[in-house]
Amino acid sequence: MIKKMIQEHPFMMIIITILSISTNGLETVANLILITATNTIISRKTALFFILSGAILLVYLIHWFTGYYANIFEEKMIQATNHDIRKKYMRNQMTLALEDKLNPDDTINVVTNDILLFDQQYLKGFYKLFNCIFGIILSSVALISLHWSLFLASVIMTVLLMFVPKLVGKRLRTTTGNISSNNDKLLKKLNDWTKGYHDLLWNNALFQLWRKTHNSFHTLENSYVDQKRAQQTAVQFGAFMNMAAQVAVNALAGYLAINNMVTFGVVMSAGNLAYQLFGAVSVSTDSIILLQSGSSINDKLVSLTKPVSVDRFEKHQDEIDNIKNIKLHNLSYEYKNGTKIKYPDINVSKGDKVLITGPSGSGKTTLINLLSGRLNDYKGSLKLNNIEYSSFNNLSFLKIFGLQPQSYHIFNDTIANNIALSNDKYSSEQINSAVKKAQLSEKITSLSQGLKTLIGSESEVFSGGELQRVSLARFFIRKRPILIVDEGTSALDKNNAYKVMNLLTQDKNLTLFVITHSIDNDVLSLFNKHINLSQE
Ligand SMILES: Nc1ncnc2c1ncn2[C@@H]1O[C@H](COP(=O)(O)OP(=O)(O)OP(=O)(O)O)[C@@H](O)[C@H]1O
């Protein structure tokens, strides 16, 4: 992921590198000036001492400036990387949705919690390490210029410090993986129980909202504590080693000064450079701990953002453009648990109006999924224009079937956007004509903002039946040759339901399948074909 980030934003990376080298370099330069400043005070050259102190202050001011911008650019790069991941992931989700494989809870967990973990641990860890490497190199070079033994001592201490993250690497990966999976479980539980709050309310069981979810909260909270335990073991040990290393380098510099091998200014500066070096080493060990901790999320995101592709090629495009008939012969479907449903033979021609009835569990929904190409492992024969369904590309069915499902979603948006689904290619004339067909014109004209009125879960402008007609208008504007209505008019009153059915059945070119529980003779007379599943 980091390699990709650098490849995709090379210019930003160059700026960050320059700023990072400057920040670390300026700190080293200030420490080196300090040697001369200390020696000038020992030799009582007061004026020069104050000039050098001023120079140190100036260097630190520039250091503050470069450090500030290094951090800002790093954050910009981190957020740009997060955005790239979200974009690739959402593209994959849209492809998976074509095959009904999108899980809303998993999606929310990945684009919020997982990316936050990745940001806070893996990316922040990387940048901290990146900065520290320059600090380590520059302070080491400065120490070697003071005395080789100071450098040697520093190298030995650095190597010891670098071993700290190895102590807890595996535990950190596991604990971070646990946070992600526990958050996923919590989201699923919350989604399930908050969605059902109405059922809890009317059954005097609202208390279950907390009782059923609190264990999942606990599990997630505990997994954060577990992760902290693993991180802190390494951090505390690293901090102790860091202090011990500084004391050792300072003592060595003092010994060298007493034996006239270096000036006394070096003692002070060596202490500061050792502080810079071990500070950088200590932060880099913390960063390696963070990187280890976030590596399981990195692996997860790498696999989730690998491009998923679908074959969109349709060898029977001519047939898709000109639907003539659908034929069922000896058609049956068997679920994995052994439930088998057999369907009667039927020939449906273009413009036919087919009513599908049958008691609960007789296979009406399964038939919709077969007809619309969502289930393709059927037995027997199911043909479109005399060509077996299995030889079409499944995605083609999305272009010919419209589905008015039992439950649909109304977005928190305007009526117009809910019908056009924010697709600019539909003009307001087309939206108005769809509204008219769905028998919604009168209601919409009565609203002060008309088609611009906000609907959805945050607004109660429409009744259930009216919202159902908004969903129907989505089909009217798209003009597919075949419509499947799954008890789609059940939320309408009898009069309006009849009106909508009448309208749909009057459309000569539309091939219509309507699934219903209740057979009303008036409605029955509107259809020319009837599949009664109870007879099978
Ligand atoms: N995913 C599944 N796995 C196993 N069995 C299933 C699955 N979906 C449906 N079934 C079973 O297949 C049979 C037909 O189900 P289907 O949903 O098609 O009936 P239906 O006529 O639409 O019912 P209803 O009117 O209650 O919606 C039922 O016995 C059901 O339990």
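Residues numbered from 1 in each chain as written. Predicted model: local features only at pLDDT ≥ 70, side-chain atom pairs only at ≥ 80, totals over all residues. Heavy atoms only, no water.

### Details of the site of the ligand
The environment of the ligand is formed by 13 residues, the closest being Ser 360, Gly 361, Lys 364, Thr 365 and Thr 366. Between Ser 360 and the ligand, the recorded distance is 2.6 Å, taken from a side-chain N or O atom to an oxygen atom. Separating an oxygen atom of the ligand from a side-chain N or O atom of Lys 364 is a distance of 2.8 Å. Here the ligand has 630 Å² of accessible area as a free molecule, and 61% of this is covered by the chains. The greatest single-element share of the shell around the ligand, amounting to three residues, is contributed by helix α12 (residues 364-371). (Near = heavy atom within 4 Å. Polar contact = N/O pair within 3.5 Å; in protein donor to acceptor, adjacent residues only side chain to side chain. Areas by Shrake-Rupley, 256 points an atom, 1.4 Å probe, with all protein chains shown as cover. Helix = DSSP H or I, 4+ residues; strand = E, 2+ residues; numbered from the N terminus.)

### Digging into the packing of helix α3 (residues 46-97) against helix α4 (residues 104-146)
Two elements in contact, α3 and α4, have axes separated by 10 Å at closest approach and are oriented at 145°. As for how α3 packs across α4, the hand of that crossing is right-handed. Residues Glu 74, Glu 75, Met 77, Ile 78, Gln 79, Thr 81, Asn 82, Ile 85, Arg 86, Tyr 89, Met 90 and Gln 93 of α3 lie in contact with α4, whose contacting residues are Asp 106, Thr 107, Val 110, Val 111, Ile 115, Phe 118, Asp 119, Leu 123, Lys 124, Tyr 127 and Asn 131. Of the residues in the contact of α3 with α4, the class split is eleven nonpolar, six polar and six charged. (Axes fitted to C-alpha atoms, helices over the stretch in contact; angles between N-to-C directions. Left-handed = near helix turned anticlockwise from the far one by under 90°. Contact = heavy atoms within 4.5 Å. Nonpolar A, V, L, I, M, F, W, Y, C, P; charged D, E, K, R; others polar.)

### What about the pattern of salt bridges?
In this structure the tally under the stated criterion is 13 salt bridges. Lys 124 serves as the salt-bridge partner of Asp 119, at 2.8 Å between the closest nitrogen and oxygen. Residue Asp 119 is classed as buried on the basis of its relative accessible area of 5%. Across the salt bridge formed by Lys 437 and Asp 507, the nearest N and O atoms sit 3.9 Å from each other. With a gap of 70 residues between them, Lys 437 in helix α15 (residues 428-437) and Asp 507 in the loop between α18 (494-506) and β11 (511-516) connect regions that are remote in the sequence. Since its relative accessible area comes to 34%, Lys 437 is described here as partly exposed. Overall, Asp 507 belongs to the partly exposed group, its relative accessible area being 28%. Shared partners join several salt bridges into a network, and the residues in it are Glu 75, Asp 119 and Lys 124. (Salt bridge = Lys/Arg side-chain N within 4 Å of Asp/Glu carboxyl O. Buried < 20%, exposed > 50% of the residue type's maximum accessible area, 1.4 Å probe, protein only.)

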